[in-house]
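Structural description and commentary
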Amino acid sequence: AQTVTQSQPEMSVQEAETVTLSCTYDTSESDYYLFWYKQPPSRQMILVIRQEAYKQQNATENRFSVNFQKAAKSFSLKISDSQLGDAAMYFCAYRSGGGGATNKLIFGTGTLLAVQP
Amino acid sequence: DAGVTQSPTHLIKTRGQQVTLRCSPKSGHDTVSWYQQALGQGPQFIFQYYEEEERQRGNFPDRFSGHQFPNYSSELNVNALLLGDSALYLCASSYTGGWGTEAFFGQGTRLTVV
């Protein structure tokens, strides 16, 4: 069975600074996807960034980028130029590749990010 | 596009009662998945519906059941409610043929069992 582990229950960053959230996962599959989701107080899960396991290049989306270390099964999220609106719970998630987007997501326990003005 | 809509947003039930939660998927999506998110935890997969049938199921008891209608909307039913069923229930919709696209989530239903 696949597992996702987030070892940082809470993190804090100053506005405009950079913060890195950690995630490790375990799987025996070769075809999979990794995600970071943001859950603000509105409760809706918002997709931040996606990484395909077969791609060596790390995904980037504006101020958000990942460090994907496949051999180490590590998948960290870097937020640059942090903004007050980045404050939220962040979840790392795993999805098997076969079956496309309909496969279930396996989530970590989350990291609560606070952004200090 | 209204995205994924869930109703109600909050509800309070008494232990032993039954509850029905509803989800309307994003336009163009044909698959609905349900997740339970306990306080301070990540979402846990309950089950998924496609073509009006349960296609995948997580590690949840039979008290949790669902249904999908011809218009792709879905219901989650929980019988004999326990205090431990108190959680945020999230619905996510996706498109079976949507390679490269991801699931969209609703804002959830907060269920409190007293």
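Residues numbered from 1 in each chain as written. Chains lettered and ligands numbered in written order. Predicted model: local features only at pLDDT ≥ 70, side-chain atom pairs only at ≥ 80, totals over all residues. Heavy atoms only, no water.

Here we look at the overall build of chain A
Applicable threshold: Starting at the N terminus, helices and strands are each numbered in turn, a helix being any DSSP run of H or I of at least four residues and a strand any DSSP run of E of at least two. Just to be clear, the radius of gyration here is over C-alpha atoms, and the globule rule we use is 2.2 Å times residues to the power 0.38. Only heavy atoms enter the contact rule, under which two residues are in contact if any of them lie within 4.5 Å. Exposure was quantified through the Shrake-Rupley algorithm and a 1.4 Å probe, taking into account, for residues, occlusion by the shown protein chains and nothing else. Positive: Lys, Arg. Negative: Asp, Glu. His and the chain ends are not part of the count. For the purpose of locating charges, the reference atoms are NZ of Lys, CZ of Arg, CG of Asp and CD of Glu.
Across its full length, chain A carries 0 helices and 12 strands. In chain A, the succession of α and β elements from N to C terminus is β-β-β-β-β-β-β-β-β-β-β-β. A compact globule built from 117 residues should have a C-alpha radius of gyration of about 13 Å, and chain A, at 14 Å, falls within 12% of that. Along the three orthogonal principal directions, the C-alpha set of chain A runs to about 45 × 30 × 25 Å. In chain A, of all internal contacts separated by at least 6 residues, the share reaching a separation of at least 24 is 55%. In the form shown here, chain A has an accessible surface area of approximately 5500 Å², with 46% of it arising from carbon and sulfur atoms. Measuring between centres, the 10 positive side-chain charges of chain A sit 7 Å from its 10 negative side-chain charges.

Let's talk about the interface of chain B and chain A
We apply this condition: Criterion for a salt bridge: a side-chain nitrogen of Lys or Arg within 4 Å of a carboxyl oxygen of Asp or Glu. Definition of a polar contact: a pair of N or O atoms within 3.5 Å, with one able to donate and the other able to accept a hydrogen when the atoms are protein atoms, and with sequence-neighbouring residues admitted only if both atoms are side-chain atoms. Side-chain classes follow a simple rule in which Ala, Val, Leu, Ile, Met, Phe, Trp, Tyr, Cys and Pro form the nonpolar group, Asp, Glu, Lys and Arg form the charged group, and the remainder, Gly included, forms the polar group.
Listed as interface residues are 30 residues of chain B and, on the opposing side, 22 residues of chain A. Run the count over chain B and chain A and you get 2 salt bridges. Glu102 of chain B serves as the salt-bridge partner of Arg50 of chain A, at 2.5 Å between the closest nitrogen and oxygen. Our count for the contact surface shared by chain B and chain A stands at 9 residue pairs in polar contact (both at pLDDT 80 or more). Among the elements of the structure, strand S4 (31-37), strand S5 (44-50), strand S6 (53-57), strand S9 (87-94) and strand S11 (109-113) of chain B are those that each provide at least two residues to the side of chain B that touches chain A. Looking at the side of chain B that touches chain A residue by residue, the classes come out as 9 nonpolar, 18 polar and 3 charged.

These values are about where atoms sit, not about what they do.
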